[in-house]
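# Summary of the model geometry
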Amino acid sequence: VTVELCNKFLEYLRSTPQAIHQKRKLHTNTIASYWSAFLGTLHTAHRDRKIKENPNGFLDRIECIPTIREHLSQEELIRLAETPCEEEVLKKAFLFACLTGLRKSDIRQLTWQQIQPYTNGRMFVTTRMQKTKEIVHNPISDEAYGLLGERGEGLIFEDFKDKMLQGPL
């Protein structure tokens, strides 16, 4: 693995089209993410003695461009809640995520055992954030709790699948 080979891979990333919008090139942040993963792989390969030399010290880093995170306004969230959806579990899971701040990955793994009452009777959810591994105790509004339906066992949004996100959402 040479510096030249690595730089050719970087040029490939910079010139390759997006999967969906093929007339557009990959976004700088996508390239930075892929490149960072590649550099990490080189580091691991060198550490594990799969390659003799680590070219990382001779390769450029790519800085991410700060992005503005969009969010739904209260009016948009209300309008969304009133909009019919062919996948009811998708709608409930999405609204629950909006009301609690949980990520999709955490919603997908959410179980009834994680939903507990405070001493004052209000409900909270305990999650280990998949991305950060941090344990978080989030209060749940009555509105959010109402989206969960009747208490059961196992996964709350068991029928929620990623493939639902493309069409209905």
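Description of the structure in this document. (Residues numbered from 1 in each chain as written. Predicted model: local features only at pLDDT ≥ 70, side-chain atom pairs only at ≥ 80, totals over all residues. Heavy atoms only, no water.)

### Things to note about the pairing of strand S3 (residues 135-140)
- Alternating positions in S3 separate cleanly, Val136, Asn138 and Ile140 being buried on one face and Ile135, His137 and Pro139 remaining unburied on the opposite face.
- Here strand S2 (residues 123-128) runs beside S3; their pairing, made up of 6 bridges, is antiparallel. Residue pairing for S3: Phe124 is matched across the bridge by Pro139. (Buried < 20%, exposed > 50% of the residue type's maximum accessible area, 1.4 Å probe, protein only. Helix = DSSP H or I, 4+ residues; strand = E, 2+ residues; numbered from the N terminus. Pairing = 2+ DSSP bridges.)

### A closer look at the sheet that holds S3
- An order of S1-S2-S3 is seen for the 3 strands of this open sheet, with the pairing classed as antiparallel. Bordering the open sheet on either side are strand S1 (115-117) and S3, each of which pairs with just one other strand. Strand-to-strand twist in this sheet, taken as the mean axis angle between neighbours without regard to direction, amounts to 30 degrees.
- Here S1 pairs with S2 via 3 bridges, running antiparallel. Along S2, the bridge assignment pairs Pro117 with Met123. (Axes fitted to C-alpha atoms, helices over the stretch in contact; angles between N-to-C directions.)

### Considerations on the layout of surface pockets
- The space that makes up the largest pocket amounts to roughly 200 Å³.
- If you go around the largest pocket, the residues you meet are Arg69, Glu70, His71, Leu72, Phe94 and Cys98.
- When grouped by side-chain class, the residues that make up the lining of the largest pocket number 3 nonpolar, 1 polar and 2 charged. (1 Å grid on protein atoms, 1.4 Å probe; cavity = no way out; pocket = protein on both sides within 12 Å on 5 of 7 lines; lining within 4 Å. Points joined across faces, edges and corners; volume = space filled by probe spheres on them. Nonpolar A, V, L, I, M, F, W, Y, C, P; charged D, E, K, R; others polar.)

### Remarks on the pattern of salt bridges
- If you walk through the whole model with that rule in mind, you get 5 salt bridges.
- Here Arg47 makes a salt bridge to Asp48, at a shortest N to O gap of 3.1 Å.
- Relative accessible area serves as the criterion here: at 40%, Asp48 is assigned to the partly exposed category.
- One salt bridge connects Lys104 with Asp162, and the closest N-O pair in it is separated by 3.5 Å. With Lys104 in helix H5 (residues 104-108) and Asp162 in the segment after helix H6 (142-146), this residue pair connects regions lying 58 residues apart in the sequence.
- A relative accessible area of 39% means that Lys104 is categorised as partly exposed.
- Salt bridges here are not isolated pairs; linked through shared partners, they connect Lys104, Arg108 and Asp162. (Salt bridge = Lys/Arg side-chain N within 4 Å of Asp/Glu carboxyl O.)

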